[in-house]
Amino acid sequence: MRYAVLVCGPAGAGKSTFCGALMNHLVASKRTAHLVNLDPAANPESHEYEPVIDIRDLISLEDVMGELEYGPNGGLVYCFEYLLENMDWLEEELGEYENDYLIFDCPGQIELYTHHPFLPTLVRDLQRTGMRVCSTYLLESQFMEDKYKFFSGVLSAMSAMVNLEVPWINIMSKMDLVTSNSEDPASGRNGIRKRKDIARYLDPDPLLIAAPFGESSGDLATSTNPRFHALNQAIVQLIEDHPLVSFLPLDLSSPDSLETVLSHIDYTMQYGEDEEPKEPHDLDEGDFVDME
Ligand SMILES: Nc1nc2c(ncn2[C@@H]2O[C@H](COP(=O)(O)OP(=O)(O)O)[C@@H](O)[C@H]2O)c(=O)[nH]1
Ligand SMILES: [Mg+2]
């Protein structure tokens, strides 16, 4: 059985860093894992591990921009469409890997997660070749400092999840930036310094946008134009009715945190079906669960 872990999320969320950490961890655990780079704009030096398959070997953004005179964004879209037309290339490259874990470092263009057919088509193709596919979606912890930005992130995670229809794990990346904050009560920003506040973001509480919270500015009724009130209310209702989105905290400075995230990935794909199925690790007490 071959396994594909898609690492998705907006640009700068920490996808490539997470891929490298996951590779390190898998290799150290004597598991066979390979990196696949699907980001045509990736900096060749950004990967700690050499990707075994790299979209840049099929088509490079520089060539597209140079020869077709596309701008960077149009050039990227052209690259994705080119890969879709040449999926036999990817299938052939993947053919060499049996019984392996493949980590797909995906591009960060937000349109890929909202409406572009690239990822859904890719997923269907991978599944057709008999791979088990799951997706992770990374949002960086700085999003928690601005609740409006945070909820726009939650909505983009939801839309990507609905679009892709595969087992799905949301990850709050760069938690090291929040934990160092939380040790010093004076340095907390926007009311997310307390663990139980963080828990309200990891398991998004729609009341965060409906009511005043922490030290951040007033509630939506006073801080936004009245013409948005009905829309805001509808978003609160949507999140309440579809509690699909919760986040696993990822703190790369803690090996346990990575191990916990990996155990959830393994579990959603039923990795190692010959073995006893394993329950994912529970979060430890200190890991931002709401202890009330
Ligand atoms: N503090 C902190 N910074 C991180 C972490 N992961 C990534 N970064 C930084 O965030 C930036 C974007 O990371 P990258 O992995 O390239 O994001 P990508 O665009 O999603 O692939 C880089 O400057 C990284 O050094 C993390 O866990 N903690
Ligand atoms: Mg990257």
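Scroll up to find the structure.
Please read all numbers here as calculations on a predicted model, not as lab measurements.

A. Representation of the packing of helix H3 (residues 61–68) against helix H4 (residues 72–85). The geometry of H3 relative to H4 is characterised by a closest axis approach of 9 Å and an angle of 115 degrees between their N-to-C directions. Between H3 and H4, the crossing angle belongs to the class labelled roughly perpendicular. The chirality of how H3 crosses H4 is right-handed. Between H3 and H4, the contacting residues are Leu 61, Val 64, Met 65 and Leu 68 on the first element and Pro 72, Gly 75, Leu 76, Tyr 78 and Cys 79 on the second. Of the residues belonging to the contact of H3 with H4, the class tally is eight nonpolar, one polar and no charged.

B. Expanded view of the pattern of salt bridges. Enumeration over the complete set of coordinates arrives at six salt bridges. Note that Arg 56 and Asp 54 form a salt bridge whose closest N and O atoms lie 2.6 Å from each other. Between Glu 91 and Arg 128 there is a salt bridge, with the nearest N and O atoms lying 3.1 Å from each other. Pair noted here: Glu 91 is in helix H5 (residues 87–94) and Arg 128 is in helix H7 (residues 118–128), with a separation of 37 residues, a long-range link. You can call Glu 91 partly exposed: its relative accessible area is 31%.

C. Structural detail: the pairing of strand S6 (residues 168–173). The buried count for S6 comes to six of six residues, which makes it a mostly enclosed element. Here S6 shows no split at all, with Trp 168, Asn 170 and Met 172 on one side and Ile 169, Ile 171 and Ser 173 on the other all buried. Bridge count between strand S5 (residues 131–140) and S6: six bridges; the pairing is parallel. Of the residues in S6, the one forming a bridge with Tyr 137 is Asn 170. Where the polypeptide runs from S5 across helix H8 (residues 147–164) and back to S6, its parallel neighbour, the crossover connection is right-handed.

D. Summary view of the packing of H5 against H7. Where H5 meets H7, the axes come as close as 11 Å, and the angle between the chain directions of the two elements is 45 degrees. Looking at the two axes, H5 sits oblique to H7. Crossing geometry of H5 relative to H7 is assigned as right-handed. Contacts between H5 and H7 involve Met 87, Leu 90, Glu 91 and Leu 94 from the first element and Leu 122, Asp 125, Leu 126 and Arg 128 from the second.

E. Here's a closer look at the site of ligand 1. In the vicinity of ligand 1, the contacting residues are Pro 10, Ala 11, Gly 12, Ala 13, Gly 14, Lys 15, Ser 16, Thr 17, Lys 174, Asp 176, Leu 177 and Leu 252. Between Ala 13 and ligand 1, the recorded distance is 3.2 Å, taken from a backbone N or O atom to an oxygen atom. Between an oxygen atom of ligand 1 and a side-chain N or O atom of Lys 174, the distance comes to 2.9 Å. Protein contacts shield 62% of the accessible area of ligand 1, which totals 580 Å² for the unbound molecule. Going through the elements one at a time, helix H1 (15–28) and helix H9 (176–183) are the ones with two or more residues in the shell around ligand 1.

F. Layout of the nonpolar core. If you look at the biggest cluster of nonpolar residues, it comprises 58 residues, and the most contacted ones within it are Leu 6, Phe 104, Leu 119, Leu 126 and Phe 150. In terms of residues, this core owes the most to one element, H8, which gives eight residues. Viewed by domain, this core spans two of them, domain 1 (2–204 + 245–268) and domain 2 (207–244), each represented by three or more residues. Apart from residues no more than four positions distant in its own chain, Leu 119 is found in contact with Cys 8, Cys 106, Leu 112, Tyr 113 and Leu 164. One finds Ala 13, Ala 21, Leu 138 and Ile 265 within the second-largest nonpolar core, a separate group that totals 25 residues.

G. Summary view of the packing of aromatic side chains. Summed over all chains, the structure comprises eleven aromatic pairs. Here the aromatic rings of Tyr 3 and Tyr 101 are separated by 5.7 Å at their centres, their planes lie at 35 degrees, and the arrangement is tilted. One end of the pair, Tyr 3, is in strand S1 (residues 2–8); the other, Tyr 101, is in strand S4 (residues 101–105), and 98 residues separate them in sequence. Between the aromatic rings of Phe 150 and Tyr 201, the centroid separation amounts to 4.8 Å while the plane-to-plane angle is 80 degrees, which identifies the pairing as edge-to-face. In this pair, Phe 150 is assigned in helix H8 and Tyr 201 in helix H10 (residues 195–202), connecting sequence segments 51 residues apart. Taken together, Phe 150, Phe 151, Tyr 201 and Phe 247 form an aromatic cluster joined through their ring pairs. The side chain of Arg 31 reaches across the aromatic face of Tyr 101, ending 4.8 Å from its centre. In this arrangement the basic side chain of Lys 149 is found over the ring face of Phe 143, its NZ or CZ atom lying 4.7 Å from the centre.

Quick notes on the rules
- Residues numbered from 1 in each chain as written.
- Chains lettered and ligands numbered in written order.
- Predicted model: local features only at pLDDT ≥ 70, side-chain atom pairs only at ≥ 80, totals over all residues.
- Heavy atoms only, no water.
- Axes fitted to C-alpha atoms, helices over the stretch in contact; angles between N-to-C directions.
- Helix = DSSP H or I, 4+ residues; strand = E, 2+ residues; numbered from the N terminus.
- Parallel < 35°, antiparallel > 145°, perpendicular 65-115°, else oblique.
- Left-handed = near helix turned anticlockwise from the far one by under 90°.
- Contact = heavy atoms within 4.5 Å.
- Nonpolar A, V, L, I, M, F, W, Y, C, P; charged D, E, K, R; others polar.
- Salt bridge = Lys/Arg side-chain N within 4 Å of Asp/Glu carboxyl O.
- Buried < 20%, exposed > 50% of the residue type's maximum accessible area, 1.4 Å probe, protein only.
- Pairing = 2+ DSSP bridges.
- Right-handed = clockwise from strand over helix to strand, strands pointing away.
- Near = heavy atom within 4 Å.
- Polar contact = N/O pair within 3.5 Å; in protein donor to acceptor, adjacent residues only side chain to side chain.
- Areas by Shrake-Rupley, 256 points an atom, 1.4 Å probe, with all protein chains shown as cover.
- Core = buried A, V, L, I, M, F, W, Y, C linked by side-chain atoms within 4.5 Å.
- Domains from an automatic or database assignment.
- Phe/Tyr/Trp six-rings, centres within 6.5 Å; stacked < 30°, edge-to-face > 60°.
- Lys NZ or Arg CZ within 6 Å of the ring centre and 35° of its normal.

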